[in-house]
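# Understanding the architecture of this molecule
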Amino acid sequence: MKRHAILALFLIGLIAAGCGDSGDGTPTATAERAPADTARLRVGDAVVRAEVADDDAERALGLGGRDGLARDAGMYFELTSDAPRIWMKGMRFPLDLVWIRNGRVVDVTARVPNEPPGTPEAALPIYSPARPANRVLEVNAGWAKRNGVRAGDEVRLGEASPG
């Protein structure tokens, strides 16, 4: 009995260690998703309701494993670096990446494709902004163009609320 309890604790520790960042700057994904806080963001004249990814586990999983987003929904990442590197591991639909720093859009990477299922991690493209950014808003592909979002637009984050 004692041996089973020790084994169970060991397995729980392994599972917990697998969440978040792999330690080499490469995100890892988990199958479970806790409810995230959401916030209303104004980007230029557009408004989006975004989940806020503000911890390692939420940033690592991102939108991976989902089938899609509502038309004006997204995920807002509070990043830990001004030189972020993002990949589309586990993505099932294309995205626009709206890169942000100091409350302003600094770059937009439009129509980032999702890679075919089974694409090896080493073959996944890495996306980064052209200028330093410490936030990124991921939205459906075409959202930025449809809403006229461009570099220099102001970004205002509304009050966060539990998901």
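What comes next is a walk through the structure. Just so it is clear, the model here is predicted, and its values are computed rather than measured. (Residues numbered from 1 in each chain as written. Predicted model: local features only at pLDDT ≥ 70, side-chain atom pairs only at ≥ 80, totals over all residues. Heavy atoms only, no water.)

Across its full length, the protein holds three helices and seven strands. Ordered by position in the sequence, the α and β elements of the protein form the string α-β-β-α-β-β-β-β-α-β. The buried share of the protein, taken over its 163 residues, is 39%. Sequence separation of at least 24 residues holds for 71% of the intrachain contacts in the protein that already meet a minimum separation of 6. (Helix = DSSP H or I, 4+ residues; strand = E, 2+ residues; numbered from the N terminus. Buried < 20%, exposed > 50% of the residue type's maximum accessible area, 1.4 Å probe, protein only. Contact = heavy atoms within 4.5 Å.)

Right, let's talk about the pattern of salt bridges for a bit. Side-chain pairs of opposite charge can arise whenever the charged atoms involved come near each other. On inspection of all chains with the given rule, the structure shows eight salt bridges. Salt-bridge contacts for R59 lead to D56; the nearest nitrogen and oxygen are separated by 2.8 Å. One end of the pair, R59, and the other, D56, are both in helix α2 (residues 56-61), three residues apart, so they sit about a helical turn from each other. Residues E121 and K89 are paired through a salt bridge, measuring 2.6 Å at the closest nitrogen-oxygen approach. With E121 in the loop between β5 (104-112) and β6 (135-140) and K89 in the loop between β3 (73-78) and β4 (95-101), the pair connects residues that are 32 residues apart, well separated along the chain. By relative accessible area, which is 28% here, K89 ends up partly exposed. (Salt bridge = Lys/Arg side-chain N within 4 Å of Asp/Glu carboxyl O.)

The residue N102 is not glycine, and still its phi comes out positive at about 55°. Looking at where N102 falls in the secondary structure, it is placed in the loop between β4 and β5. Positioned with a positive phi, R111 is a non-glycine residue whose angle comes to about 50°. The topology assignment puts R111 in strand β5.

One can find W99 in strand β4. Relative accessible area serves as the criterion here: at 0%, W99 is assigned to the buried category. In this structure the side chain of W99 is engaged in a polar contact, spanning 2.9 Å, whose partner is the side chain of T109. (Polar contact = N/O pair within 3.5 Å; in protein donor to acceptor, adjacent residues only side chain to side chain.)

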